[in-house]
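# Summary of the model geometry
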Amino acid sequence: MSTTETTTGTTTRATQRAVRPLHTGWSLRSTAGPVPPEIAAVDVPATVPGTVHTDLLAAGLIVDPYLDANEHLLAWIGQADWSYATTFDWRPDGQDRHELVFAGLDTVATVLLNGEVVAETRNQHRTYRVGVDGRLREGSNDLEVRFGSPVAYADAQSLALGYRPHVNHHPYNAIRKMACSFGWDWGLDTATSGIWKPVTLESWSSVRLASVRPVVTVDGSRGVVDVHVDLERAGASAGAAAESVTVRATVGDVTQEARVEPGADSVVVQVVVDDPELWWPRGHGGQPLYDVTVSVTGGGDGDAGRASSGGDGDGVDGTRASSGDGERAGDVLDEWSSRIGFRTVEVRVEPDEVGTSFTVVMNGEPLWIKGANWIPDDAFPHRIGRDRYRDRIEQAEFGNVNLLRVWGGGIFESDDFYELCDERGMLTWQDFLFACAAYAEEDPLRGEVEAEVRDNVTRLMTHPSLVLWTGNNENIWGHDEWGWERRLDGATWGLGYYLDLLPTLVGELDPGRPYAAGSPWSGSLDVAQSDPDHGSVHLWEQWNRKDYPTYRDVVPRFVAEFGWQGPPTWSAMTRAIHDEPLTPESPGMIVHQKAMQGNDKLTDGLLAHYRLPDEIEAWHWAMQLNQANAVQVALEHFRSHAPRCRGAVVWQINDCWPVTSWAAVDGDGQRKPLLYAMRHAFADRLVTIQPRDGGLAVVVVNDTEEALAGPLTVRRVAYDGRVLASEQVSLTVAARDTVTVPVPPAVAAFGAPESELLVASVDGVSRGLWFPVEPRDSALAAASLSTSVTALVEGSGYRVEVTAGSLVRDLALLVDKVDPAATVDEMLVTLLPGEAAVFTVASEVVGVGKEFVTQRVLRTANELVG
């Protein structure tokens, strides 16, 4: 038999299971549907992993769906059938078993090997392992994957399963495909197909590791890892002549092993690590990770002939077949590796004096969650690589985020995403993939749901960053509040998944990890969902019907969704939309505004605060600023009510294409002003001025491990800089605590509210501000600014200093207008007369410093007032 081996450092590890990627030589062609003739007649070179859209785009056969109104021009792709085909060479290798392994097929697929159907699949979210023994030919083999139209399939299944309410123009709830592939209120409708994850040919003999689940607990000073191992046997090993095998598990530098006797196919190996270092979220401690390696070896005494257990091979690519007939005693037959962290986690949803709590507790310490919702970072998720995940997570960190909630209308996120979150201390929460719809609980859908949950819980349960599984997004709430019950007319709608199947599977496969039945979740079906006194809530009335100051009318226990829309950065918007003239309602802009009455809501939400500009760049700035202001008002309010409120998860951190949306980072990966507002409001230490009991109070939040002590100064200041009243009090805020100090009446007694503000400051903490009237009702004059620009080390950027000659509100540099790749370290800075701010612009473009202080780049709230 041919052999390969992988070497790590000085250690060579041999395993009998061999894995061969099948990613080359693919072609794509249409087989049915409304395909333009010039495309229907063409065999298109295809990339695997990939999709129909991206292959046609790479071949120059379609326009970019992200640009202008092109999305609508490509609707035919989701209505057509497609075929992917390749050939590969194979020779008999002496192995007992040969399997095609498809990590992801999107979605309605029929797999043929040498013209024979070997699999039919209907679920984007599953891995499929297809036995092909007796079907492989010596020499050339033909592999084809035929994809049926997902639009047609979803339509047909919606009839076969029976009507269920949903929120789209396609019945996405009738197919196990990424829901937002059919469009969302921020996403384009692609309804694409393709081999979106790797495909391999696996060959193995005797025994393989079918699944490995390390269940981690912390028992006092001991870290306990119960490694649950399921085996699959082949050939003689599956029958009466089966031999015993040995399963070895290593955690860090501690190893235990167990003998698995003939006829058995599972074992639990317990490994105990004394005094493990605990894993903590960012801002609370370090993130030590422990390597875990599990191997299965052949019969005998478990030692003879065993390869070294050093190194970090993953038992997937680069494995080695044994050289001889049958396994020798001690031969490594298969191997698996991952990393774990030792920590405890609870989500306390418990009755209390207010209602029902929703508190994330790690290692016994209650956390204040500074979160953001995460959607697929590309409408074609196969294009998202590890570097892009790292960029987005770093941007979340820049916004002082400590948790990312993976929303249930997307995907079970990738290993790269979760590994990076583990390394960086970014907590994660993964929804099961049910969103804004009712779902049939009967087969075939039920069987698909169980299979995808088993696949993905097993895959993701190693990650210490994962703190919560959630049954659905808004489905229980929708059933109760959106008129579904009558429309369902007695049909199942998913409740059995959320209260029975899903928690049962989590308890079986990932015991100890918290589970919530939905988001929002009040803790009980007997309490209304999204009741602010009970559990987690979604707050959308402010965006949809009310103004953002009304966030202060609600004191929720935990906010899992809320947000405000704004356009993407100027460079992203104008790269994607080429309307002449470009207006908020020009054709391309409307295609890139997916929210129901989105532009009306943008306007209605602006006018109480600023005037509506008619010039497009001013409109763009006004809407971006209002988005940032709205979310900062909400976040400071929520944080001021700790510990009654225990977290807020902004909708949303990212976008999948350039679009007007709720995102803080646009579809081109650019920071919007919202990200800076989140950075300010989510700072570890926060000073904010809030309404309290008919007056005003300064609330000081200290989310650090050290006490905060020093004088608190509260001043009433005129717009011209004169101090009209001032008082100072001593202040001590314990670690992880919040203190509220009423504003003295003499300081809060505004004489001319339209031209006065309050300033609260504590040394070393960004100050809090309170304006008693909205900007448009104030005496805020045009900004008086002086600027200086200094080039930094050539190619690294610029230092921009801005000095205010008047009160300047929300000063910002929209640096992407000069250089789309540029970033600035700060934004939304308010300056009193005579104060200065220094901005560092990172840019590799030389000789453009003066452009960063032009009127179209250097923006303020002042310009939106009069």
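This is a predicted model, so every value here is computed, not measured.

Procedures and definitions
Residues numbered from 1 in each chain as written. Predicted model: local features only at pLDDT ≥ 70, side-chain atom pairs only at ≥ 80, totals over all residues. Heavy atoms only, no water. Helix = DSSP H or I, 4+ residues; strand = E, 2+ residues; numbered from the N terminus. Rg over C-alpha atoms; globule rule 2.2 N^0.38 Å. Buried < 20%, exposed > 50% of the residue type's maximum accessible area, 1.4 Å probe, protein only. Pairing = 2+ DSSP bridges. Axes fitted to C-alpha atoms, helices over the stretch in contact; angles between N-to-C directions. pLDDT = per-residue confidence, 0-100. Contact = heavy atoms within 4.5 Å. Phe/Tyr/Trp six-rings, centres within 6.5 Å; stacked < 30°, edge-to-face > 60°. Lys NZ or Arg CZ within 6 Å of the ring centre and 35° of its normal. Salt bridge = Lys/Arg side-chain N within 4 Å of Asp/Glu carboxyl O. Expected span 1.5 Å × (residues − 1). Bend = angle between axes of the 7 residues up to and from the residue. Polar contact = N/O pair within 3.5 Å; in protein donor to acceptor, adjacent residues only side chain to side chain. Disulfide = S-S within 2.5 Å. Core = buried A, V, L, I, M, F, W, Y, C linked by side-chain atoms within 4.5 Å. Parallel < 35°, antiparallel > 145°, perpendicular 65-115°, else oblique. Left-handed = near helix turned anticlockwise from the far one by under 90°. Nonpolar A, V, L, I, M, F, W, Y, C, P; charged D, E, K, R; others polar.

## A short note on the overall build of the protein chain
Counting its regular elements, the protein chain contains 17 helices and 44 strands. Expected size for 866 residues packed as a compact globule is a radius of gyration near 29 Å; at 29 Å, the protein chain falls within 12% of this value. Dimensions along the principal axes, computed over C-alpha positions, put the protein chain at roughly 95 × 70 × 65 Å. Put simply, the protein chain has 866 residues, and 59% of those count as buried.

## Details of the sheet that holds strand β34 (residues 723–733)
Here 4 strands make up an open sheet; going across it, the order is β34-β33-β36-β37 and the pairing antiparallel. Across the chains shown, the open sheet's two edge strands, defined by having one partner strand only, are β34 and β37 (765–770). In this sheet, adjacent strand axes meet at a mean angle of 20° when their direction is disregarded. For strand β36 (residues 756–762) and β37, the ladder comprises 4 bridges, and the chain directions are antiparallel. By the bridge assignment, L758 is partnered in β37 with W770.

## A short note on the confidence of the model for the protein chain
Detailed conclusions should not be drawn from predicted coordinates in areas where pLDDT is low. Residue-level pLDDT values for the protein chain average 93, and 94% of them are 70 or greater. Note that pLDDT drops below 50 for residues 1–14; the model gives that stretch 39 contacts with residues more than four away or on any other chain. Taken together, the stretch residues 300–327 has pLDDT below 50 and engages in 82 contacts with residues farther than four places along the chain or on a different chain.

## Notes on the packing of aromatic side chains
Following the criterion strictly, the structure yields 35 aromatic pairs and no others. When the centroid spacing of 6.1 Å and the interplanar angle of 25° are considered together, the rings of W374 and Y389 count as stacked. In this pair, W374 is assigned in strand β23 (residues 369–374) and Y389 in helix α5 (residues 386–398), connecting sequence segments 15 residues apart. Residues W374 and Y389 agree in their burial class; the two are buried. Every member of this aromatic cluster is reached through a ring pair, and the members are Y172, W184, W186, W407 and W651. When the ring centre of F398 is taken as origin, the NZ or CZ atom of R671, which lies over that ring, is 3.9 Å away.

## Comments concerning the pattern of salt bridges
All told, the structure shown has 53 salt bridges when counted by the stated rule. In this structure, K370 engages D703 in a salt bridge whose closest nitrogen and oxygen atoms are separated by 3.0 Å. With K370 in strand β23 and D703 in the loop between β32 (695–702) and β33 (708–718), the pair connects residues that are 333 residues apart, well separated along the chain. Given the relative accessible area of 8%, D703 is considered buried. A salt bridge links R459 to D415; the shortest N-O distance between them is 2.9 Å. With R459 in helix α7 (residues 445–460) and D415 in helix α6 (residues 415–424), the pair connects residues that are 44 residues apart, well separated along the chain. One salt-bridge network, held together by shared partners, links R17, R97, E99, R129, E202, R208, E232 and D334.

## Here we look at the sheet that holds strand β40 (residues 808–813)
Spatially, β42-β40-β44 is the arrangement adopted by the 3 strands of the open sheet, whose pairing is antiparallel. With one partner strand each, in any of the chains shown, β42 (829–831) and β44 (858–859) form the two edges of the open sheet. As paired strands, β40 and β44 are joined by 2 bridges and run antiparallel to one another. By the bridge assignment for β44, L813 is matched with L858. The strands touched by helix α15 (residues 616–640) within the sheet are β40 and β44, with β40 carrying the most contacts at an inclination of about 110°.

## Some remarks on helix α10 (residues 495–509)
For α10, which comprises 15 residues, the first-to-last C-alpha distance of 20 Å matches the rise-based estimate of 21 Å (1.5 Å per residue) to within 8%. At L501, α10 is deflected by roughly 30°, the largest bend along its length, and proline P503 occurs up to four residues later in sequence. On its buried side, α10 packs onto β13 (207–219), α7, β26 (466–470), α8 (475–481) and β27 (515–516).

## Re the side chain of H284
Among the secondary structure elements, H284 is positioned in the loop between β17 (266–274) and β18 (290–297). In this structure the side chain of H284 is engaged in a polar contact, spanning 3.2 Å, whose partner is the side chain of R736. Setting aside residues up to four positions removed in sequence, H284 forms contacts with E365, L367, D703, E705 and R736.

## Side note on the state of the cysteines
Applying the stated rule across the entire model yields 0 disulfides. C421 forms no disulfide, and the closest cysteine sulfur to it belongs to C180, at a distance of 18 Å.

## A look at unusual backbone geometry
Between E580 and P581 the backbone carries a cis peptide bond, its omega angle lying at -5°. Looking at where P581 falls in the secondary structure, it is placed in the loop between α12 (570–576) and α13 (587–591). That bond from A642 to P643 is cis: its omega, 5°, falls within 30 degrees of zero. Following the sequence through the fold, P643 ends up in the loop between α15 and β30 (647–650). The phi dihedral of S206 falls on the positive side, at around 70°, and the residue is not glycine. Structurally, S206 is set in the loop between β12 (199–204) and β13. Overall, S206 belongs to the buried group, its relative accessible area being 2%. Positive phi is not limited to glycine here, since D489 has a value of about 55°. Looking at the secondary structure, you find D489 in the loop between α9 (484–488) and α10.

## Some details on the nonpolar core
In terms of nonpolar packing, the biggest core is built from 166 residues, with L404, F562, L635, F638 and M678 touching the most fellow members. Looking at this core, the element that brings in the most residues is α15, giving 13 residues. Residues V48, L105, V118 and V132 belong to the second largest nonpolar core, which totals 37 residues.

## A few points about the environment of L403
Within the fold, L403 resides in strand β24 (residues 403–406). For L403 and T458, which are 55 residues apart along the polypeptide, the C-alpha to C-alpha distance reads 21 Å. When sequence neighbours within four positions are dropped, the list of residues in contact with L403 reads I369, K370, G371, A372, M426, L427, W429, V467 and V649.

## Brief notes about the packing of α5 against α6
Any two packed helices are characterised by how steeply their axes cross, that is the angle between the axes, and by the distance between the axes. One can describe the packing of α5 onto α6 by two numbers: an axis separation of 9 Å at closest approach and a directional angle of 40°. Taken together, α5 and α6 sit at an angle that is classed as oblique. In this structure, α5 meets α6 at a crossing whose hand is right-handed. Contacts from R386, Y389, R390, I393, E394 and E397 in α5 reach D416, F417, E419, L420, C421, E423 and R424 in α6. The residue makeup of the contact of α5 with α6, split by class, is 5 nonpolar, no polar and 8 charged.

## A look at the pairing of β36
Counting buried residues in β36 gives 6 out of 7 residues, a clear majority hidden from the surface. In sequence, β36 turns back onto β37 through a hairpin of 2 residues, with G764 there showing a positive phi of about 85°.

## Comments concerning α15
Given a rise of 1.5 Å per residue, 25 residues ought to cover 36 Å, and the 36 Å separating the end C-alpha atoms of α15 matches this to within 8%. In terms of burial, α15 is a largely internal element, 25 of the 25 residues being buried. Sitting at the amino-terminal end of α15 is E615, which places a side-chain oxygen 3.2 Å from the backbone nitrogen of E617.

## Concerning the pairing of strand β11 (residues 139–147)
As judged from the 9 bridges shared by strand β6 (residues 81–90) and β11, these two strands associate in the antiparallel manner. Opposite W90, over in β11, you have G139 as the bridge partner. Note that strand β8 (residues 109–113) and β11 share 5 bridges and pair antiparallel. Pairing of T110 across the sheet is with R146, part of β11.

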